[in-house]
Amino acid sequence: EDIMAVYELIAEAESHSHGVPVSAIHFHEVGSVDALIDVVGSSLAIEMLGVDEIQASPVCVGNGTVRCAHGVLPVPAPATAEIIKGMPVYCSSFDGELLTPTGAAILKYFVETFTRQMNMEIEEIGYGFGTKEFEQLSCVRAFLGYQK
């Protein structure tokens, strides 16, 4: 159910961005194996960890432009911009896409609270580094803990 819900968010955003019904949407980059692993892996990890609440800091979307299946687009790309409505975001000081539609949909679906403060006793920390090189290191970091 979670996987389908995340992809529904992406489909709705693509539909809005292209001005076509959801049934006419063709997943390009978000249909790749990499994106599927991101959605399935996130959903599975959250279920297996049995977390009560997911919090995130405001999200850096990047800056400048990105080349995708539709050509060169501004960052955040239109589908990403549609998904992040209502989420606290900011731009980087360097060019590049740091938030994809897939990542935005995962955050939109699972995150209950966006905050700059961590109010937990940390038990575990996980890191993820992409392969794309930017002027600054790009890293996803997750903390698992419990409320104090």
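The rules behind these values
Residues numbered from 1 in each chain as written. Predicted model: local features only at pLDDT ≥ 70, side-chain atom pairs only at ≥ 80, totals over all residues. Heavy atoms only, no water. Helix = DSSP H or I, 4+ residues; strand = E, 2+ residues; numbered from the N terminus. pLDDT = per-residue confidence, 0-100. Pairing = 2+ DSSP bridges. Buried < 20%, exposed > 50% of the residue type's maximum accessible area, 1.4 Å probe, protein only. Patch = residues over 30% accessible without salt bridge, like charges linked within 9 Å, V, L, I, M, F, W, Y side chains within 5 Å. Areas by Shrake-Rupley, 256 points an atom, 1.4 Å probe, with all protein chains shown as cover. Salt bridge = Lys/Arg side-chain N within 4 Å of Asp/Glu carboxyl O. Disulfide = S-S within 2.5 Å.

### So, unusual backbone geometry
- The step from V75 to P76 runs through a cis peptide bond, and the omega angle for that step is 0°.
- Here P76 is to be found in the loop between β4 (71–74) and α3 (78–83).

### Here we look at the confidence of the model for the chain
- Chain-level statistics for the chain give a pLDDT mean of 89 and a share of 95% at 70 or above.
- For the chain, the element scoring lowest by mean pLDDT is strand β3 (residues 65–68), at 87; strand β5 (residues 89–91) scores highest, at 97.

### Quick notes on the sheet that holds β5
- Here 3 strands make up an open sheet; going across it, the order is β5-β2-β6 and the pairing mixed. The open sheet has two edge strands, β5 and β6 (96–97), and neither has a second partner.

### Observations concerning the environment of V51
- Summarising the element assignment, V51 is placed in the loop between α2 (33–49) and β1 (55–56).
- Since its relative accessible area comes to 30%, V51 is described here as partly exposed.
- Sequence separation between V51 and D2 is 49 residues; the distance between their C-alpha atoms is 14 Å.

### Re a nonpolar patch on the surface
- A contiguous nonpolar patch, built from M118, I122, I125, Y127, F129 and L137 and spanning about 660 Å² of accessible area, is present on the exposed surface.
- For Y127, the location among the structural elements is in strand β8 (residues 121–129).
- Taking relative accessible area as the criterion, Y127 reaches 54% and is therefore assigned exposed.

### Observations regarding the state of the cysteines
- Scanning the model with the defined rule gives 0 disulfides in all.
- As a non-bridged cysteine, C60 has C91 as the owner of its nearest cysteine sulfur, 7.1 Å distant.
- With a relative accessible area of 18%, C60 lands in the buried category.

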